[in-house]
Amino acid sequence: MLPLQSRVDIKGESLYSPISQDRHYVTCLQCSQSFPLEHCPVDHLAEQFQPSMSFKIYYHTLEFFGLCEVCTPKAAD
Ligand SMILES: [Zn+2]
Ligand SMILES: [Zn+2]
């Protein structure tokens, strides 16, 4: 077997393993830091999805982009 094949397998395994966990982040455009959100802003949306489309949703990821506290320019007087 080619070494490349096994590498693909390992990658595919991690890709398809069910991470039944929602992830929410805010990512700073300036320092590229990601901060996890404590609360899910769209939890109720995922539930509303279910009846309207035939798709079983296991989890979702959500990322907001902006500026973190450190990078946000302070309002100067
Ligand atoms: Zn920042
Ligand atoms: Zn969520």
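1. Here we look at the overall build of the chain
Within the chain, the regular secondary structure consists of two helices and three strands. Burial analysis of the chain (77 residues in total) assigns 0% to the buried set. Of all intrachain contacts in the chain linking residues separated by at least 6 positions in sequence, the fraction that spans at least 24 positions is 64%.

2. Points about the sheet that holds strand β2 (residues 34-36)
Strand order in this open sheet of three strands is β2-β1-β3, and the pairing throughout is mixed. Each having just a single partner strand, β2 and β3 (61-66) make up the two edges of the open sheet. Across this sheet, the average inter-strand angle for adjacent strands is 25°, counted without regard to direction. Bridge count between strand β1 (residues 23-28) and β3: six bridges; the pairing is parallel. Across the sheet, Cys28 pairs through a bridge with Gly66, a residue of β3.

3. Re unusual backbone geometry
Even without being a glycine, Ser32 presents a positive backbone phi close to 60°. Along the polypeptide, Ser32 turns up in the loop between β1 and β2. The class of Ser32 is exposed, set by 9 C-beta atoms lying within 10 Å.

Calculation criteria
- Residues numbered from 1 in each chain as written.
- Chains lettered and ligands numbered in written order.
- Predicted model: local features only at pLDDT ≥ 70, side-chain atom pairs only at ≥ 80, totals over all residues.
- Helix = DSSP H or I, 4+ residues; strand = E, 2+ residues; numbered from the N terminus.
- Buried ≥ 20, exposed ≤ 12 C-beta atoms within 10 Å, placed from the backbone.
- Contact = placed C-beta atoms within 7 Å.
- Pairing = 2+ DSSP bridges.
- Axes fitted to C-alpha atoms, helices over the stretch in contact; angles between N-to-C directions.

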